[in-house]
2 protein chains.
Amino acid sequence: MVVLSTVNERFIASLKQRRDKLAQLIEHPVILWSGNLIGRNFQANKLPFRASSHFLYFAGIPLINAVIRLEAGKLELFMDNPPPEATLWHGATPQSEEISAAIGADRVYPLAELAAKTAGAATIAVQDLSTYQQQSHLLNRPVALSNQAESIDLELAQALVQLRSRHDDLALHELRHAAAVSVKAHKAGMMATKHSTTEAEIRGAMEGTIIAQNMSCAYNSIVTVQGEVLHNESYDHQLQAGDLLLADVGAETPNGWAADITRTWPVSGKFSSSQKDIYQIVLQAHDDCIAKLRPGVEYQDIHFLAAKIIAEGLVDVGILQGDPEDLVAMDAHALFFPHGVGHLLGLDVHDMEDLGDVAGYEAGRERSDRFGLGYLRLNRPLQPQMLVTIEPGFYQVPAILNNSNFRSQYQNVVNWERLSQFDDIRGIRIEDDVLVTDSGAEVLTAALPTQIGEIEDLVLNH
Amino acid sequence: MVVLSTVNERFIASLKQRRDKLAQLIEHPVILWSGNLIGRNFQANKLPFRASSHFLYFAGIPLINAVIRLEAGKLELFMDNPPPEATLWHGATPQSEEISAAIGADRVYPLAELAAKTAGAATIAVQDLSTYQQQSHLLNRPVALSNQAESIDLELAQALVQLRSRHDDLALHELRHAAAVSVKAHKAGMMATKHSTTEAEIRGAMEGTIIAQNMSCAYNSIVTVQGEVLHNESYDHQLQAGDLLLADVGAETPNGWAADITRTWPVSGKFSSSQKDIYQIVLQAHDDCIAKLRPGVEYQDIHFLAAKIIAEGLVDVGILQGDPEDLVAMDAHALFFPHGVGHLLGLDVHDMEDLGDVAGYEAGRERSDRFGLGYLRLNRPLQPQMLVTIEPGFYQVPAILNNSNFRSQYQNVVNWERLSQFDDIRGIRIEDDVLVTDSGAEVLTAALPTQIGEIEDLVLNH
């Protein structure tokens, strides 16, 4: 159901500005599809609809099965109205003319008119296969998958990255809203812990809070006492007093803008002394990385800063042995921090990841095959109005720590006996959403505590 | 993530019984695909996975991108194991051999082996287009959409309907669990009303409860003060003291079994006297229909019973004029109760609706084009172990009541002036899930009150 209440003149002006900028970056007409509904188990029972992010960037609102054509700053909207009998089931819905006016389109046409207006247009493949097949059909040429875009589609991808990687005020308004609701959700999760016996109950409190604010989840939540499973999507474990709970949960606004927050807290409300030691190392990395963010800084250097602080901390507590810089050079930190320090954030939680590394990696740069660097999703100099996550972590992943190659390779730098005294830590991550400003950085999710005392207080005293 | 904790010997024996019964109903081998994950806005960010219901019926658990081949009571499972490096992100997941043992498969093969074993097999098309295209490819013949199944696929559809429309103990165990959690969700919604200001907040309380029990929603929730919009999926209205809130929300177990409950309650906690009058009419229809359910009864007669009780009630309060039986014969009740009294319930909330009317309509029967009957989804004699919903309602749908054809057609039987005194009722529906037993019926959702006093109490005193 399209809700037009969020749109107004500033909204229309921002969308116009976006397509004017696009016109400066690309000469070809651009056609973007929103995608269509997908049946869940039968046709009338649909999966939640998510419009294509590139479509959302220029159309502003999630229209189902709609297409926009952009050329020289003009927007043509293609969509059909529901049949009149649909009002029985769906009530009076805004008609295409009304939607067209609300998003400041220059013209609106029925979908059937699109076929005559596709010549020479660039596009980006959508995720929904039925619409994707229509894209090739209507453009009368094979359209490559979005992470393999070619020719004019690749030019378009590059233009979109240039536009979307620096957020305008309209985007920031949405992103701040998503951040605020996600903060609320995490507080609700902490406050629900005392009365919960399973991971699922904490997830219910967190996602229930997001739904209550009329938002959805930007990605599948991680709410787990097994934080070492990096993409854990089961929620059936019982909570035990000594467990740390890791929650990576973020809201998405109705128009598609995301937040992405992780906190780790003790089920009992009190960190053990070993948990405190490690938590403080991760927090130090988090804080120091954020303090360094500003235009011009290389994001990869931020990643290495996190690696170094973690290595230093692990040397201090006796888990690693040696010089921290040397340890990072040999990727010893990656035994415990195997992923990147963060990524772009915007309409997608990994923003524009549908375009492969076109968004995350500066032209001419490629993913490293180094153990400690292969999962770094962002490798660019930072620019004002970029939004990134900073999310260092510490994990004891059996697939890494029990790997015989790693064990022999890092035999002399890990004190395995000392490590065994930290076996009440499976995974800790602290993640915030940070906007690069003209002179530094602003943490959009700063309202959610990171300090041990404040977190314990939220868990215990509610 | 596959959780094998729910499986045991009884589970395996029930699955075996299901495929033995299937073997008695169809001579061809049967191949069923589970379906695959679908990207939400980029490939790594997935829509929630829902395995095909027919697959779930025989495999028992939701396996991603798996296939089962059933022949003469034997089950062959085809699935690939994740690559070893997946353990970093997803932890140690059960391997195909372990899954095979857990569901009592006779053999397990990698997916690549399937191509050699498809000769002469019947199937049902899945919803996910990528898998659907593989079905035709691997069977080496066009596979029609599931609601247009032909030839041996139609035979299979008919066999599935015969099996799935009467629930065995394993199914009933799941269905009772879904019902119990849905009851909890509705109570949470009522209890959250006093402190809520928007529809979304009540939805958050209800869906949060379902998530907290490690279940998902069986369908997109309806939580609205505009109950006259039958498939309302927006949640942004403010709650006003005089409003009725209609909530149609049901849980689904991790293995895919659904519940489907509707309740309607006053935002203020107190029904007005006009709201009470109409609520009592709908409740009378609900109660009387349930009292009549037993094997051999025609479900269509239950629908007409609801229509008659609603017509009688509306005559009693002065909204309709004339003899109730005559009013039903001319579909006057359908001005206010335009949908059917219910449907089958099982793995799908409209069970087996992917097969079109093969499940809902007895062989040789077709949908009526009568205004009061066209939306009836079930027209069969009831059998023991069938699970149906009973969901009469009263709505003031502008698209119906302002329709000039209807107004002239029903000019003499509606007292429009009297009707205007009921304008604080937009939509009321009361829906429960009822199991046909050998001698009568059992309401699986009976723990949720329907009586005005009890509902007011839940809303007010929490």
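Every chain begins its residue count from 1, and numbering advances along the sequence as written. Key to labels: chains lettered from A, ligands numbered from 1, both in the order written. With the structure being a predicted model, the display of local features is reserved for residues of pLDDT at least 70 and the display and counting of side-chain atom pairs for 80 or more, all residues being used for whole-chain, interface and lining totals.

Visitor: Would you take a moment to explain the nonpolar core for this structure?
Guide: Nonpolar side chains in soluble globular proteins tend to be buried together. We define the nonpolar core as any set of buried residues of the types Ala, Val, Leu, Ile, Met, Phe, Trp, Tyr and Cys, connected via C-beta atoms lying within 7 Å of each other. Residue burial is a threshold on neighbouring C-beta atoms within 10 Å of the residue's own C-beta, all placed from the backbone, with 20 or more meaning buried, 12 or fewer meaning exposed, and counts in between meaning partly exposed. Core analysis: the largest hydrophobic core is formed by 273 residues, its most contacted members being A:I310, A:F394, B:I310 and B:F394. Aside from chain neighbours lying at most four places away, what touches B:F394 is B:I278, B:I281, B:V282, B:I310, B:F336, B:F337, B:I425 and B:I428. Contact definition: two residues whose C-beta atoms, as placed from backbone geometry, lie within 7 Å.

Visitor: Sorry, what's going on with the domain arrangement of chain A here?
Guide: A common measure of how large an interface is: the accessible area buried when the components associate. All names here are of chain A. For chain A, the domain assignment lists domain 1 (4-164) and domain 2 (169-460). The interface is formed by 19 residues belonging to domain 1 together with 15 residues belonging to domain 2. Starting at the N terminus, helices and strands are each numbered in turn, a helix being any DSSP run of H or I of at least four residues and a strand any DSSP run of E of at least two. Those elements that provide at least two residues to the side of domain 1 that touches domain 2 are α1 (9-25), α2 (53-59) and α6 (151-164). Per element, the largest residue contribution to the side of domain 1 that touches domain 2 is five residues, and it comes from α6. Tallied by class, residues from the side of domain 1 that touches domain 2 come to 11 nonpolar, seven polar and one charged. Each domain's limits were defined by an automated method or a database of domain assignments. Residues are grouped as follows: Ala, Val, Leu, Ile, Met, Phe, Trp, Tyr, Cys and Pro are nonpolar; Asp, Glu, Lys and Arg are charged; every other residue, Gly included, is polar.

Visitor: Hey, could you run me through the sheet that holds strand β6 (residues 107-109) of chain A in this one?
Guide: Pairing between the strands of a sheet comes from backbone hydrogen bonds, and it takes one of two forms, parallel or antiparallel. All names here are of chain A. Two strands pair under a simple rule: DSSP has to find at least two bridges between them. The strand order across the open sheet built from four strands is β1-β4-β5-β6, with neighbouring strands paired in mixed fashion. Both outer strands of the open sheet, β1 (30-33) and β6, are each paired with one neighbouring strand and no more. On average, adjacent strands in this sheet sit at an angle of 20 degrees to one another, irrespective of strand direction. Relative to strand β4 (residues 67-71), β1 runs antiparallel, the two being bridged by four bridges. If you follow I31 over to β4, its bridge partner there is R69. Between N-to-C directions, angles span 0 to 180 degrees; the directions come from axes that are lines fitted to C-alpha atoms, helices contributing only their stretch in contact.

Visitor: Sorry, what's going on with the relation of the copies chain B and chain A here?
Guide: A rotation about an axis combined with a shift along that same axis relates the two copies of the chain. The copies are overlaid by a least-squares fit using only the C-alpha atoms of residues whose pLDDT is at least 70 in both copies. By a simple turn and slide, chain B fits onto chain A: the slide is 0.0 Å along the axis, the RMSD is 0.0 Å, and the turn is 180 degrees. These values place the two chain copies in the arrangement generated by a two-fold rotation axis. Nearest to the rotation axis, the C-alpha of B:G208 is located 2.0 Å from it, this being the minimum over chain B. Looking at chain B, 100% of its interface residues are interface residues in chain A too, so the copies touch through the same face.

Visitor: Would you mind showing me how to read the interface of chain B and chain A here?
Guide: Taken together, the contact pairs 54 residues of chain B with 55 residues of chain A. At the level of elements, β2 (39-42), β3 (45-46), α3 (86-90), α5 (129-139), α8 (199-212) and α13 (398-401) of chain B are the ones that each hand at least two residues to the side of chain B that touches chain A. For the side of chain B that touches chain A, the class distribution of residues is 23 nonpolar, 20 polar and 11 charged.

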